[in-house]
Amino acid sequence: MEYRKLGNTNIEVSEIAFGAEFLVERPYEDTEALIKACEENGISFVDCWMSEPDVRSHLGRAIKPNRENWVIQGHIGSTWQNNQYVRTRDMDKVIPAFEDFMERFQIDTLDFGMIHYVDQIEDYDNIMNGPFIEYVRKLKDEGTIAHIGLSTHNPDIGLLAAKNPEIELLMFSINPAFDMFGAMEDIEEYRKEDAYDNDFSSINPLRAEIYELCEKNGTALTVMKGFAGGNLLADDTSPFGVALTPVQCIHYSLEQKGVSSIFVGVKTVEELNESLKYCTASEAEKDYTEISRSEERRVGKECR
């Protein structure tokens, strides 16, 4: 396992990190097995955006024996209401939900307090000019969180965050499909003839600007959606018409400017091991350039 610094924080983390989003409604033993596999293979970084109480409790319990070896991203604004996840900026809900996170993780200090899932400009403006950011600043001043981060899928928000010195870490959705097509909620959108406006020879300029700015400013950049929700891993759902491997997807993300680490979302130790193959992969196994060479990638064209 290789390690990289998170921007200007000087915190080192594993290039491959554990995205724990698939632990909902799973027994503690599954969480424990995955955490042990992570530790045995040098993974030192975990993200938990989930608000479901058992997920938080299970992760906290599994990590506790080796807490000093872990860097944790925890999200502020992710709440559990009426037995379901709700993203909110209602401080009456935000504050107890974050306190619940800290209690269930059994920690006094969270490494990165993430402003959770900001995808609209209005939402960003309200956060940065209201009680939400005041609460986050208070948490940092008190030492409850060590650093402030923000997660988004929207490049416009990503650029604002990369320019904001108060945001020390940006968690952003990065993969070759999103960089070349733009992020789309519905995979079928990729199949339309006008889904792209370039020849796959370069990254969307706005997204490239984010990566360059993070590198320049020392804003840590971590990756989510590296497999596009699994769609890149199968021929019939990949917008390029050809499946990529987890190794190729990981390599793509880690090659982008400013990127420190990619969170892989896995359900089992076996799936984790598929991602860990990156650590011993050859350059040929990492090579993803076929997607920019093959004419068969042109979704919606006759060759499809």
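Since we're looking at a predicted model, the values are computed, not measured. Position labels on residues start from 1 in each chain and follow its written sequence. Only residues with pLDDT of at least 70 are given local features in this predicted model, and only at 80 or more are side-chain atom pairs given and counted; all residues enter the totals for whole chains, interfaces and linings. Just so you know, side-chain values use all the structure's heavy atoms and leave hydrogens and water out.

Caption draft 1: Just the pairing of strand S3 (residues 16-19), in detail. Only protein chains enter the accessibility calculation, which uses a 1.4 Å probe; a residue whose area is less than 20% of its type maximum is buried, one above 50% is exposed, and one in between is partly exposed. By definition, any uninterrupted DSSP run of H or I lasting at least four residues is a helix, any uninterrupted run of E lasting at least two residues is a strand, and each is numbered from the N terminus. Burial along S3 is two-sided: Ile 16 and Phe 18 and Ala 17 and Gly 19, pointing in opposite directions, are all buried. A pair of strands is considered paired only if DSSP assigns at least 2 bridges between the two. Bridge analysis of S3 against strand S12 (residues 259-265) gives four bridges, and the strand direction is parallel. Bridging across to S12, Ile 16 finds its partner in Ile 262. For the crossover from S3 across helix H1 (residues 28-40) to strand S4 (residues 45-48), the handedness is right-handed. For crossovers, right-handed means that the path from the first strand over the helix to the second runs clockwise, given strands pointing away from the viewer.

Caption draft 2: Region of the structure containing the sheet that holds strand S10 (residues 169-173). Pairing in this closed barrel of eight strands is parallel, and the strands run S3-S4-S5-S8-S9-S10-S11-S12 around the ring. Sheet twist, expressed as the average angle between the axes of neighbouring strands with direction ignored, equals 30°. As paired strands, S3 and S4 are joined by two bridges and run parallel to one another. Bridging across to S4, Gly 19 finds its partner in Asp 47. Here, two residues are considered to be in contact whenever any of their heavy atoms come within 4.5 Å of each other. A fitted line through C-alpha atoms represents every axis, and for helices the fit uses only the stretch in contact; the resulting angles, taken between N-to-C directions, go from 0 to 180 degrees. Running over the sheet, helix H3 (residues 91-105) touches S4, strand S5 (71-76), strand S8 (110-115) and strand S9 (145-152) and is turned about 155° from S5.

Caption draft 3: Quick look at unusual backbone geometry. With a phi close to 65°, Asn 10 is a non-glycine residue in the positive phi region. Counting through the fold element by element, Asn 10 comes out in the loop between strand S1 (3-5) and strand S2 (12-14). Although it is not a glycine, Asn 83 adopts a positive phi angle of roughly 65°. On the basis of relative accessibility, which here comes to 65%, the residue Asn 83 falls in the exposed class.

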